Structure formats: structure tokens, C-alpha cells
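Structure at a glance
Single-letter residue listing:
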Amino acid sequence: MQIVKDNGPITGEQIADQLNLTRATLRPDLAILTMAGYLDARPRVGYFYTGKTGTQLLTENLNKIYVKDYQSIPVVVNENVSVYDAIVTMFLEDVGTLFVVDENTYLVGVLSRKDLLRASIGKQELSTLPVNIIMTRMPNITTCEKDDLLIGVAKDLIHKQIDSVPVVKKTESGDMEVTGRITKTNITKAFVALAEEE
Ligand code: ADP
């Protein structure tokens, strides 16, 4: 990078000469620096320094991560199932949030762990209490779409103080099909992947 900074634009051949290396030895290193955005290359001109800092490049990379790259499979229950069955589903599926759908499988609500706990400390009969009585319901559900930026969803998780957001596909009538979910775990995975790329 110092050689390119001082001499750019400079060809791969010339860099190799200065380092007493072959062009072939150098090729993977130059490819990494170019892919990471520190250097840029133009055919027949050579390599030049982009002047971008690590932080700028990190920001650029963050803005290239989409929901579809990190979403996982959603777990849904019908709005008529009992709170008892929803609790069983939450354990069996090992998730912290269930999405609730109507008979057309369109999104109508969200059930968090605490929603189910709250219902459980009341005096209600859990096996006959339907989840649509206790869920957080539409239109108050925060959703995202597969082509949204992941950073936007991360901001929603913080601002709304929630753990999970359904990934939806909107129909022409404005209904929402649940196609995925983004949780704090997905965001953490993206964070780790960014660090490993660096
Ligand atoms: P917990 O309640 O277990 O701490 P959350 O922080 O995710 O889990 O949920 C807090 C409240 O927000 C719950 O009442 C839940 O129903 C609701 N909630 C969870 N996810 C969403 C969402 N995507 N949109 C709207 N409300 C949500």
C-alpha cells in the first residue's frame, strides 16, 4: 500500500519489481487489497490508492448487507391456537418470538416470550385462551422486507426495544406474507462476519 500510495498509478509488474517478487506471488495480496477497497485498479493504468480509511470502508460494507443475506426461517402460529400450544411451539422450535397469522396465512400479530409469561401469571386457563387475545397486533407490528438494509432493521430493534422483526412480502391488497425473520442473533452474525472480512 505504501508503494502504491507513493507511486500510484503503478502496475502490478512495477510493484513486484520493487519488492523483488514475481507478479504471481503478489497477485493474491493485490486482489485482497482491491476487494477490501483500499486500492483500485484500472486496466492499462495500474493500481492506485483510494484514500479510504478503514472506517469509511466498514461503513460502505455495512450498507451492502441486506435482510435477505442474514434472515432465518420464521416460526408462525395460527391466531386461534391456545397460549398453551404457543408456549409448547416456542420451546419445540427454540425461538424467542412467534409470528401470528390468520387463516389466509397473513400476518396479524407477534408473540414474545414476555407476552406468554404475562398471560401465564394471570388466572386464565391457558389451553383455552387463544393467542389473538394477548398478542401485539397489526397495524402495530414492525416489519421489514428482504431487500431492506440490515442496518435499518438493527436500528428498529433498538428504537422499538424488540428482539425480532418478521420479513414480509406485501400482497397487492396490502396483506403481508411472512417469509423470514431477523433477530438480534442475525444482526450479531452479520457483525461477526464483518469483523472476519476485515
Ligand atoms: P420480550 O417481551 O420477551 O422482552 P420483545 O422485546 O421482542 O420480547 O417484545 C416486547 C414487546 O413488543 C412484546 O409485547 C411483543 O409482542 C412486542 N413485539 C415484539 N416484536 C415486535 C414487532 N416486530 N413489532 C411490534 N411489536 C413487537
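The model shown is predicted, which means the values in this text are computed figures rather than measured ones. (Residues numbered from 1 in each chain as written. Predicted model: local features only at pLDDT ≥ 70, side-chain atom pairs only at ≥ 80, totals over all residues. Heavy atoms only, no water.)

1. Regarding a nonpolar patch on the surface
- Judged by side-chain polarity, Tyr84, Val88 and Leu92 come together as a nonpolar surface patch covering roughly 320 Å² of accessible area.
- Take Val88: it is sitting in helix α6 (residues 83-93). (Patch = residues over 30% accessible without salt bridge, like charges linked within 9 Å, V, L, I, M, F, W, Y side chains within 5 Å. Areas by Shrake-Rupley, 256 points an atom, 1.4 Å probe, with all protein chains shown as cover. Salt bridge = Lys/Arg side-chain N within 4 Å of Asp/Glu carboxyl O. Helix = DSSP H or I, 4+ residues; strand = E, 2+ residues; numbered from the N terminus.)

2. Here we look at the packing of aromatic side chains
- Under the definition given, this model contains 0 aromatic pairs.
- The aromatic ring of Tyr66 is capped on one face by Lys68, whose charged end is 5.1 Å from the ring centroid. (Phe/Tyr/Trp six-rings, centres within 6.5 Å; stacked < 30°, edge-to-face > 60°. Lys NZ or Arg CZ within 6 Å of the ring centre and 35° of its normal.)

3. Let's talk about the side chain of Asn186
- Along the chain, the position of Asn186 falls in helix α9 (residues 184-197).
- Among all residues touching Asn186, those that are not within four sequence positions of it are Tyr70, Gln71, Ser72 and Arg181. (Contact = heavy atoms within 4.5 Å.)

4. As for the packing of α6 against helix α7 (residues 113-120)
- Two elements in contact, α6 and α7, have axes whose closest approach is 11 Å; the angle formed by their N-to-C orientations is 140 degrees. Overall, the two elements α6 and α7 adopt an arrangement that is oblique. The chirality of how α6 crosses α7 is left-handed. Note on element contacts: α7 touches α6 through Arg113, Leu116, Ala119 and Ser120, opposite Val83, Ala86, Ile87 and Met90. (Axes fitted to C-alpha atoms, helices over the stretch in contact; angles between N-to-C directions. Parallel < 35°, antiparallel > 145°, perpendicular 65-115°, else oblique. Left-handed = near helix turned anticlockwise from the far one by under 90°.)

5. Looking at the pairing of strand β5 (residues 107-112)
- By the criterion of burial, β5 is predominantly enclosed, with 5 of the 6 residues buried.
- Across 5 bridges, strand β4 (residues 97-101) lies against β5 in antiparallel orientation. Its bridge partner lying in β5, Thr97 is registered against Ser112.
- Between β4 and β5, which pair antiparallel and follow one another directly, the connecting turn spans 5 residues, one of which, Thr105, has a positive phi of 65 degrees.
- In the sheet, β5 pairs with strand β6 (residues 136-137) via 2 bridges, with the strands oriented antiparallel. Residue pairing across strands places Val110 opposite Thr136, the latter belonging to β6. (Buried < 20%, exposed > 50% of the residue type's maximum accessible area, 1.4 Å probe, protein only. Pairing = 2+ DSSP bridges.)

6. Side note on the site of the ligand
- Residues in contact with the ligand amount to 15 residues; listed here are only the nearest, Ser112, Lys114, Asp115, Thr136 and Thr142.
- In the environment of the ligand, an oxygen atom lies 2.9 Å from a nitrogen or oxygen atom belonging to the side chain of Lys114.
- Note that an oxygen atom of the ligand is positioned 3.2 Å from one of the backbone N or O atoms of Gln161.
- In the complex, 85% of the free accessible area of the ligand, which totals 540 Å², lies under the protein chains. (Near = heavy atom within 4 Å. Polar contact = N/O pair within 3.5 Å; in protein donor to acceptor, adjacent residues only side chain to side chain.)

7. With respect to the domain arrangement of the chain
- As far as domains go, the chain holds domain 1 (2-52) and domain 2 (67-193).
- Just the C-alpha atoms count here: the centres of domain 1 and domain 2 sit 48 Å apart. (Domains from an automatic or database assignment.)

8. Notes on the nonpolar core
- In this structure, Val83, Leu98, Val100, Leu111, Leu116 and Ile134 are the most contacted members of the largest nonpolar core, which totals 17 residues.
- Taken together, the elements giving at least two residues each to this core come down to α6, β4, β5 and α7.
- In terms of residue count, the dominant contributor to this core is α6 (3 residues).
- What Leu98 contacts, discounting residues up to four positions off in sequence, is Val75, Val77, Ala86, Thr89, Met90, Gly109, Val110 and Leu111.
- Counting residues in hydrophobic clusters, the runner-up holds 11 residues, among them Val153, Leu157, Val167 and Leu194. (Core = buried A, V, L, I, M, F, W, Y, C linked by side-chain atoms within 4.5 Å.)

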